Amino acid sequence: MTILDLRADFSRFRRAAPRRINLAAHSHHEWPDVTFEAQMHCWDDAARLAGDKWRLVFGELLPFVQRGIAAILNLPDPSTIAIAPNTHEFLRRILSCFETKRAIRILTSDAEFHTLRRQLARLEEDGIVACTYIPADPPDAFPARFAEAAARGRYDLVFVSQVFFTTGGTCGEVDAVVAAVPDRETFIVIDGYHGFMARPTDLAKVADRVFYVGGGYKYAMAGEGVCFLHCPPGFGPRPRDTGWFAEFGALAAAPGKTIAYLRTAGASSVRRSIPWACTACTPYLPGWPHAASALRRCTRTLLR
Ligand SMILES: Cc1ncc(COP(=O)(O)O)c(C=O)c1O
C-alpha cells in the first residue's frame, strides 16, 4: 500500500492548531500552503502593477485557471469557463435568461443545495418559477427516475446535482442526463460542486449542450470565493443580469439603444455572452479583490 504523506504541504494549518485532527475532505478541510503564497502574490501583484494588474488577471491568471479546469473536465474550449465568487451568482444569471411572460418550468431534485432550494422556493411564492421536484431517495433508482421525468420534456431548465450534498448519491452519468432531455432549447445545468475533483468527469461529448458549475471550496482545495461555470455556446445570449464587463471596450462610447455584449474576434457575441457576462460581473462587486486572490489560489492548487 502506498501512503501519500502530504503533511509538509499543509504546514501552516498544522502549525496554527497542532492538536487538531481534521478529517474533513471538503469545505472545512485544511488549506495547502500554496494557497497562502497565492494570497500574498495577489497583494504583491496589486502593489507592483496597481491599475495594470487587470492585464495580469484577465491576460494570464484567468486563462490559466480556465485551461486547468477545462483539462480536468476534458472540455474542448477553455474560454467557455466563467468565474464568479459563488454559484448563486451564476444561478441568478441563468435564471435571468428566460422569458418573463410565463413561469419558468424547472425540473430538479428535492436534494439540491440551499443556493438553488431557497432561491426557487422564493420565486415559487411569486409564481415566477414552476418546479417539479424528483425525490433523491432512494438513491440507486434516482438516475432512472429523473431521466423518466426529463423525457416528458417541456422544461425551460433542468438543474440537478452531480453528487447530492445530503447523501452522496449521484444523478448518474452527465451524458445520460443530457440524453434524457428531448428539447434542444432546454438549459441543462449540472451542479458539480460535490463532484469536481472527486468524481472523474468527462464533459467532452456534451460540452456543447450542458452547463457545469463548481468551485474551489471543496475538493479543489482552493478555498472560498472562486466558482466557475462551463457554458455551452449559444445558450442565453442576453442575460438580463448584465454585469458591466461584457461591454468592455465599448464603454467609452455613448450607450446604444440596446445593451451590448462582448464580441470577440472569431466568435459571435452569442457564443461568448454568458461566460463573459459572468466573468465580467465580478469587478464591480466588493468581493472582487478576494476573487483575484482566489484566482491566484486556484492557479496554485491547479499547479500542485
Ligand atoms: C452541491 C452544492 N452546490 C453549491 C454549493 C455552494 O453554493 P454557493 O457557491 O452559492 O455558496 C455547495 C456548498 O457549498 C454545494 O454543496
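The rules behind each value
Position numbers for residues start from 1 in each chain and track the written sequence from start to end. Reporting of local features is limited, given that this is a predicted model, to residues whose pLDDT is at least 70; pairs of side-chain atoms are given and counted only at 80 or more, and all residues count toward the totals for whole chains, interfaces and linings. To form a nonpolar core, buried Ala, Val, Leu, Ile, Met, Phe, Trp, Tyr and Cys residues must be joined through C-beta atoms within 7 Å. Exposure is read from a count of other C-beta atoms within 10 Å of each residue's own; the residue is exposed at 12 or fewer, buried at 20 or more and partly exposed in between. C-beta atoms are placed from the backbone. Helix and strand definitions here come from DSSP, where helices need a minimum of 4 consecutive H or I residues and strands a minimum of 2 consecutive E residues; each element is numbered from the N-terminal end. It is the C-beta atoms, placed from the backbone, that decide contacts: two residues are in contact if theirs lie within 7 Å. Any helix carries an expected span of 1.5 Å times its number of residues minus one. What the arc covers is the set of directions going from the helix axis to the C-beta atoms. Residues are counted as near a molecule or strand when the C-beta atom, derived from backbone positions, lies within 6 Å of that molecule or strand. Basically, the charged four are Asp, Glu, Lys and Arg, the nonpolar ten are Ala, Val, Leu, Ile, Met, Phe, Trp, Tyr, Cys and Pro, and anything else, Gly included, counts as polar. The rule for pairing is simple: two strands pair if DSSP sees at least two bridges between them. What pLDDT conveys is the predictor's confidence in a given residue, as a value from 0 to 100. Working convention: axes come from line fits to C-alpha atoms, limited for helices to the stretch in contact. Angles between N-to-C directions cover 0 to 180 degrees. Between 65 and 115 degrees an angle is taken as roughly perpendicular, under 35 as roughly parallel, over 145 as roughly antiparallel, and anywhere else as oblique. With the far helix as reference, a near helix turned anticlockwise by less than a right angle produces a left-handed crossing, and one turned clockwise produces a right-handed crossing.

S.K.: What's the story with the nonpolar core in this structure? I'm lost.
M.R.: Generally speaking, soluble globular proteins have nonpolar side chains that are buried together. Membership of the largest hydrophobic core comes to 64 residues, with the highest contact counts inside it found for Ile 106, Val 158, Val 189 and Phe 211. Counting residues per element, this core draws most heavily on helix H3 (residues 53-73), at seven residues. Once residues lying within four places of it in the same chain are set aside, the contact partners of Val 158 are Leu 107, Ala 150, Val 181, Thr 186 and Ile 188.

S.K.: When you look at helix H2 (residues 33-49) in this model, what are you seeing that I'm missing?
M.R.: For an α-helix the count is 3.6 residues per turn, leaving residues at separations of three or four pointing the same way. In this model, H2 (17 residues) spans 24 Å end to end at C-alpha, consistent with the 24 Å of a helix rising 1.5 Å per residue. Where H2 is concerned, the buried positions are Val 34, Thr 35, Ala 38 and Cys 42. What you see down the axis of H2 is that its buried residues fit within an arc of 100°, all on one side. Turned more than 90 degrees away from the buried face of H2, the exposed residues are Met 40, Asp 44, Ala 47 and Arg 48. Downstream of H2 by one or two residues, Ala 50 has phi in the positive range, about 45°.

S.K.: Could you clarify how one ought to interpret the site of the ligand in this entry?
M.R.: Lining the immediate surroundings of the ligand are 13 residues, of which Asn 86, Thr 87, Phe 113, Thr 115 and Tyr 193 lie closest. Classifying every residue of the shell around the ligand gives five nonpolar, seven polar and one charged.

S.K.: When you look at unusual backbone geometry in this model, what are you seeing that I'm missing?
M.R.: Each neighbour pair has its own omega, and for Asp 137 with Pro 138 the value is -5°, a cis peptide bond. The phi dihedral of Ala 50 falls on the positive side, at around 45°, and the residue is not glycine. C-beta crowding within 10 Å serves as the criterion here: with 8 such atoms nearby, Ala 50 is assigned to the exposed category. Phi angles above zero are rare outside glycine, and Arg 154 is one such case at about 65°. Along the chain, Arg 154 turns up in the loop between helix H6 (142-151) and strand E4 (157-161).

S.K.: I tried to follow the pairing of strand E5 (residues 187-191) on my own but got confused; where do I start?
M.R.: The two faces of the sheet receive side chains in turn, since in a regular strand these alternate between them. Most of E5 sits inside the fold, with five of its five residues counted as buried. In E5, alternate side chains face the same way, and those of Phe 187, Val 189 and Asp 191 on one face and Ile 188 and Ile 190 on the other are all buried. One ladder, built from five bridges, connects E4 with E5; its direction is parallel. In the strand pairing of E5, Phe 159 is matched with Val 189. Pairing geometry for E5 and strand E6 (residues 210-215), over four bridges, is parallel. Across the sheet, the residue bridging to Ile 190 is Tyr 212, located in E6.

S.K.: What's the story with the confidence of the model for the protein chain in this structure? I'm lost.
M.R.: As a note on interpretation, predicted positions should not be read in detail where pLDDT is low. Here the protein chain averages 85 in pLDDT, and 83% of its residues register 70 or above. Within the model, the stretch residues 264-290 combines pLDDT values under 50 with 63 contacts to residues more than four positions away or in other chains.

S.K.: Quick question: what am I supposed to make of the packing of helix H4 (residues 87-95) against helix H5 (residues 114-125) here?
M.R.: The angle between the axes and the distance between the axes are what describe a pair of packed helices. It is at 10 Å that the axes of H4 and H5 come closest, and there the two elements cross at 40°. With respect to each other, H4 and H5 are oriented oblique. Seen along the crossing, H4 lies across H5 with a hand that is right-handed. Together, Thr 87, His 88 and Leu 91 of H4 and Thr 115, Leu 116 and Gln 119 of H5 make up the contact between the two elements.

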